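Geometric and topological summary
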Amino acid sequence: CIPNPFRESTELTFTVPEAARIDFEIHDVTGRKVKTIARGKVEPGYHHVVWDGKDDRGRRLPAGIYYARMRAPSETIWAST
């Protein structure tokens, strides 16, 4: 996540070795999903998504620690934002 911490938005990057269906979500410290930032099929290679610090309803979330979770059929990766 760059930058981390962030004020307006942060860019999250990931690489997949083969085409896969992914779910990329943001969770708060309690584990509650607050935002889906990417979902669907991606091709192999390097990808990036931008999170604007808002939840699924478009509301700005308070400052704090959030976790990004990217799930693919073969792996789940967690990172803090």
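Starting from 1, residues in each chain are numbered consecutively following that chain's sequence as written. With the structure being a predicted model, the display of local features is reserved for residues of pLDDT at least 70 and the display and counting of side-chain atom pairs for 80 or more, all residues being used for whole-chain, interface and lining totals. The basis for every side-chain value is the complete set of non-hydrogen atoms in the structure, without hydrogens or water.

**With respect to the overall build of the chain**
We apply this condition: To qualify as a helix, a DSSP run of H or I must reach at least 4 residues; to qualify as a strand, a run of E must reach at least 2; elements of each kind are numbered from the N terminus. With the radius of gyration taken over C-alpha atoms, the globule rule is written as 2.2 Å times the number of residues to the power 0.38. For each residue, the accessible area found with a 1.4 Å probe, counting protein chains only, is set against the maximum for its type, and the residue is called buried under 20%, exposed over 50%, and partly exposed in between.
Tallying secondary structure elements over the chain gives zero helices and six strands in all. Its helices and strands taken in sequence order, the chain reads β-β-β-β-β-β from the N to the C terminus. Its C-alpha atoms give the chain a radius of gyration of 12 Å, within 12% of the compact-globule value 12 Å for 81 residues. Referenced to the eigenvectors of the C-alpha coordinate spread, the extents of the chain come out at roughly 35 × 25 × 20 Å. Burial statistics for the chain: of 81 residues in total, 37% are counted as buried.

**A look at the pattern of salt bridges**
To keep it simple, the criterion reads: Each salt bridge in this description consists of a side-chain nitrogen of Lys or Arg and a carboxyl oxygen of Asp or Glu lying within 4 Å of one another.
Within this structure, the stated rule accounts for nine salt bridges. The salt bridge involving E25 is made with R39; its shortest N-O contact spans 3.4 Å. Remark: R39 occurs in strand β3 (residues 33-42) and E25 occurs in strand β2 (residues 20-27); sequence separation between them is 14 residues. Accessibility expressed as a relative area gives 4% for E25, which makes it buried.

**A look at the pairing of strand β5 (residues 67-72)**
Basically, it comes down to this: Here a strand pair is declared whenever DSSP counts at least two bridges between the two strands.
Note: β2 against β5, five bridges, orientation antiparallel. What sits directly across from H27, in β5, is Y67. In this structure, the hairpin formed by β5 and strand β6 (residues 75-80) is closed by a connection of two residues.

**Describing the side chain of H47**
Rules: Identification of polar contacts relies on pairs of N or O atoms within 3.5 Å, with a donor-acceptor requirement for protein atoms, meaning one able to donate a hydrogen and the other able to accept it, and with residues adjacent in sequence counted only if both atoms are side-chain atoms.
The residue H47 is located in strand β4 (residues 45-51) in this model. Among the polar contacts made by the side chain of H47, one reaches the main-chain carbonyl oxygen of E43 at a distance of 2.7 Å.

**Brief notes about the sheet that holds β3**
Whether parallel or antiparallel, the strands of a sheet pair through hydrogen bonds between backbone atoms. Threshold: An axis is simply a line fitted to the C-alpha atoms; with a helix, the fit covers only the stretch in contact. Between two such axes, the angle follows the N-to-C directions and lies from 0 to 180 degrees.
A sheet is described by the order of its strands in space; here four strands give the open sequence β3-β2-β5-β6, paired in antiparallel fashion. The open sheet has two edge strands with one neighbour each: β3 and β6. Strand after strand, the sheet turns through a mean of 15° between neighbouring axes, direction not considered. When β5 meets β6, the two strands line up antiparallel, connected through six bridges. Within β6, the residue paired with A72 across the bridge is E75.

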